[in-house]
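# Structure assessment
Chain by chain, the residues run as shown.
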2 protein chains.
Amino acid sequence: MTYCCGILVRDGLVMIADTRTNAGLDNISTFRKLHLFEEPGERVMMLATAGNLSVTQGVVNLLTEGLEDEETHEVERLIEASSMLQAAQLVGRAVRRSLSIAGGGAEQSGVSFEVSLLFGGQIGTGALRLFMIYTAGNFIECTPDTPYLQIGEHKYGKPILDRAVSFDSDILDALKIGLISMDSTIRSNLSVGLPIDLALLRRGALRTEIATRIDGADPYFQDLRESWSRALRAAHMAIPTPPYRGRE
Amino acid sequence: MTYCCGILVRDGLVMIADTRTNAGLDNISTFRKLHLFEEPGERVMMLATAGNLSVTQGVVNLLTEGLEDEETHEVERLIEASSMLQAAQLVGRAVRRSLSIAGGGAEQSGVSFEVSLLFGGQIGTGALRLFMIYTAGNFIECTPDTPYLQIGEHKYGKPILDRAVSFDSDILDALKIGLISMDSTIRSNLSVGLPIDLALLRRGALRTEIATRIDGADPYFQDLRESWSRALRAAHMAIPTPPYRGRE
C-alpha cells in the first residue's frame, strides 16, 4: 500500500509520499514514490505514485526517457512539456502505455495492475496545478473547494485534511497538516511506512523550496507525532462529559 | 454502509451505532442497527449489525423468536442463553441460518451477503464480554490490549480510538471518544449518518445505564462536533512550523 497527498494552497503546492511497498505482509521494501522533474527557474513537476510498482516505475521511465506519439512519432519527454495540462496528458498516456507493457498478463495472473498518481507543478508563466491520474489515463484536477488530493490508503488521514486545510492555509501549515495526515495513516496501516519524501513549491518560484526525506530519527517529525497525540488527548479531555442518562 | 464501535473498559461497555442504510447513493434509509436484549438485574446483551440488511434483520428475528438446534431440536432464544460465550455461539449460528435463508441466490445476484456484528454484554455473575462475529459465524473477542472493536466503515474513526482509549479509560470518556470517532466517520463518509444509537452498561450493573438516540438537533453532540473541530485546529496550530529547507 501507499499513502501520498498533494495540497494546493494559494501560496503553492506541497506533496508528501511514504516509501513502503509490499507484495504481501512478508515482502516489504522501501521505494521512492515521489519523483521530481525540475529545471530551476523554468519548471518544477512532481509525480507521486501508488499501486502496482512495475506499472508506476514504467511510467516514470517512459516520462524520463520519452514516449513516442502514436500519430506524429515524435518522442515526448515530460521535462519538455509546454504546459501542465499537456504534461498531465502525457502522464496519462504513459500510464496506458506502461499498463499495456506490464499488464499483458493482468487478467490471467489475478494481480491488480491498478495505479493512481498525483501530478503537480508549474511550467514557466503557466498556472500551478495539481492533478490525480487514474489507471485509465484520465485525470481530475484539484480546485480551491477541496484543496487536496490523496492516493493510496487515504481514509485514516482524511479527517484532519477535511477539517484543517483550506485554500487560504499558509503553505508551511499545509505541510504540517500533511505530515499529521501521514502520521495518522502510518499509525493505523502497517503497509504505509517511513521514511517520507516531501516537496514544497511556492507559486511562481519555479524551484522547489523543500525537497527532503524524513526518517524515523527526524527530531521534528518525532516531536510532531508526540505533540499531536498529546494534543488529541487534551482535546478530547476538554470536551464535557456526555450528559445522557437512562433509557429513552 | 454502517459504522458501529464497541468499547470495553474496566468500568463497562459502550456501544454506538449509526442508523443509515443504503442500496446505492439514491436509496438511503434509517434503520436501527443497535439492538438490546435486556432483563434488568439478570442480563443485558447488545447487538450491533453491519452489512446486508436482510441477513442482519434475519439474525435479530431468529435471536428473538428462537433458533432450532439442529441436533436436539430445542428452540434457543438469545434472552435465555446461560453465558455470553453460549450467546455469542448462538449469534454465530443465527448468522449462518439467516444467510442460508436470505442468501440462497447470493452468487447469482451479485449482491454481497456479507455481514459483521458486535455482540457484548453480561449475564448474571458471568464476565462482561464483547465479541465480533463474522459472516461465517465465527468470532473474536475484545481484550484489554485493544479495548475496542469496530464494524463497517472503520477507518476514519480508528485514529482517535487508537490514540485515546485504553482499558483504564473512564467509561464516560470512552463514550465521548466513541462519539468523536463516529463524528469523524460521519464527516468523511456520506453512507454513515445520524441519528446515532448508543448504549452504556457498567460492569456488574446488569441494567443499561444509558440507552438513547442522538439526532442532529442534540445540543451535546452538536457542541462535541464543533469543539472537536476547534480543538483539532488549535492542536495543529500549537505544533511548530516544519524546519525543513532546501534540497537534501
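Structure: above.
Model, not experiment: these values are computed from the prediction.

The next point concerns the sheet that holds strand β12 (residues 148-152) of chain B. Overall, mixed pairing links the six strands, which are arranged β15(A)-β14(B)-β13(B)-β2(B)-β1(B)-β12(B) in an open sheet. The open sheet has two edge strands, β15 (246-247) of chain A together with β12 of chain B, and neither has a second partner. The pairing of strand β1 (residues 3-9) of chain B with strand β2 (residues 12-18) of chain B spans six bridges and is classified as antiparallel. Each residue of the ladder has a partner; that of B:Gly6, found in β2(B), is B:Met15.

Spatial strand order, β12(A)-β1(A)-β2(A)-β13(A)-β14(A)-β15(B): six strands in an open sheet with mixed pairing. One side of each edge strand has no neighbouring strand; the edge strands of this open sheet are β12 (148-152) of chain A together with β15 (246-247) of chain B. By the bridge criterion, five bridges tie strand β1 (residues 3-9) of chain A to β12(A) in an arrangement that is antiparallel. Counted as the bridge partner of A:Ile7 is A:Tyr148 from β12(A).

Here we come to the interface of chain A and chain B. The interface of chain A with chain B comprises 52 residues on the first partner and 52 residues on the second. Both sides of the chain A and chain B interface together cover about 4,600 Å² of buried area, and 61% of this is carbon and sulfur. Where chain A meets chain B, there are four salt bridges. Seen at the junction of chain A and chain B, the total is 20 residue pairs in polar contact (both at pLDDT 80 or more). Mapped by element, the contributors of at least two residues to the side of chain A that touches chain B are β5 (34-39), α4 (158-164), α5 (171-188), β14 (210-214), α6 (219-238) and β15 of chain A. Residues of the side of chain A that touches chain B, tallied by class, amount to 26 nonpolar, ten polar and 16 charged. Taken together, the two bridges between β14(A) and β15(B) define a ladder with parallel strand orientation. Across the sheet, the residue bridging to A:Ile210 is B:Gly246, located in β15(B).

On to the relation of the copies chain A and chain B. After a rotation of 180° and a shift along the axis of 0.0 Å, chain A superposes on chain B with an RMSD of 0.0 Å. The transformation just described matches what one would write down for a two-fold rotation axis. No C-alpha of chain A lies nearer the rotation axis than that of A:Tyr156, which sits 2.5 Å from it. The share of interface residues of chain A whose copies in chain B are also at the interface is 100%, consistent with both copies meeting through the same surface.

Here we take up the nonpolar core. Counting 70 residues, the largest nonpolar core has A:Leu175, A:Leu179, B:Leu175 and B:Leu179 as the members making the most contacts within it. Once you skip the residues sitting within four places of it in the chain, B:Leu179 turns out to touch A:Tyr244, B:Ile16, B:Leu198, B:Ile214, B:Tyr220, B:Phe221 and B:Leu224.

Turning our eyes to something else, we now look at a nonpolar patch on the surface. Taken together, the side chains of A:Leu25, A:Ile28 and A:Leu190 make up a nonpolar region of the molecular surface, amounting to roughly 350 Å² of accessible area. Within the secondary structure, A:Ile28 sits in strand β4 (residues 28-30).

Cut-offs used in this document
- Residues numbered from 1 in each chain as written.
- Chains lettered and ligands numbered in written order.
- Predicted model: local features only at pLDDT ≥ 70, side-chain atom pairs only at ≥ 80, totals over all residues.
- Heavy atoms only, no water.
- Pairing = 2+ DSSP bridges.
- Helix = DSSP H or I, 4+ residues; strand = E, 2+ residues; numbered from the N terminus.
- Contact = heavy atoms within 4.5 Å.
- Buried area = accessible area lost by both parts, 1.4 Å probe.
- Salt bridge = Lys/Arg side-chain N within 4 Å of Asp/Glu carboxyl O.
- Polar contact = N/O pair within 3.5 Å; in protein donor to acceptor, adjacent residues only side chain to side chain.
- Nonpolar A, V, L, I, M, F, W, Y, C, P; charged D, E, K, R; others polar.
- Least-squares fit on C-alpha atoms with pLDDT ≥ 70 in both.
- Core = buried A, V, L, I, M, F, W, Y, C linked by side-chain atoms within 4.5 Å.
- Buried < 20%, exposed > 50% of the residue type's maximum accessible area, 1.4 Å probe, protein only.
- Patch = residues over 30% accessible without salt bridge, like charges linked within 9 Å, V, L, I, M, F, W, Y side chains within 5 Å.
- Areas by Shrake-Rupley, 256 points an atom, 1.4 Å probe, with all protein chains shown as cover.

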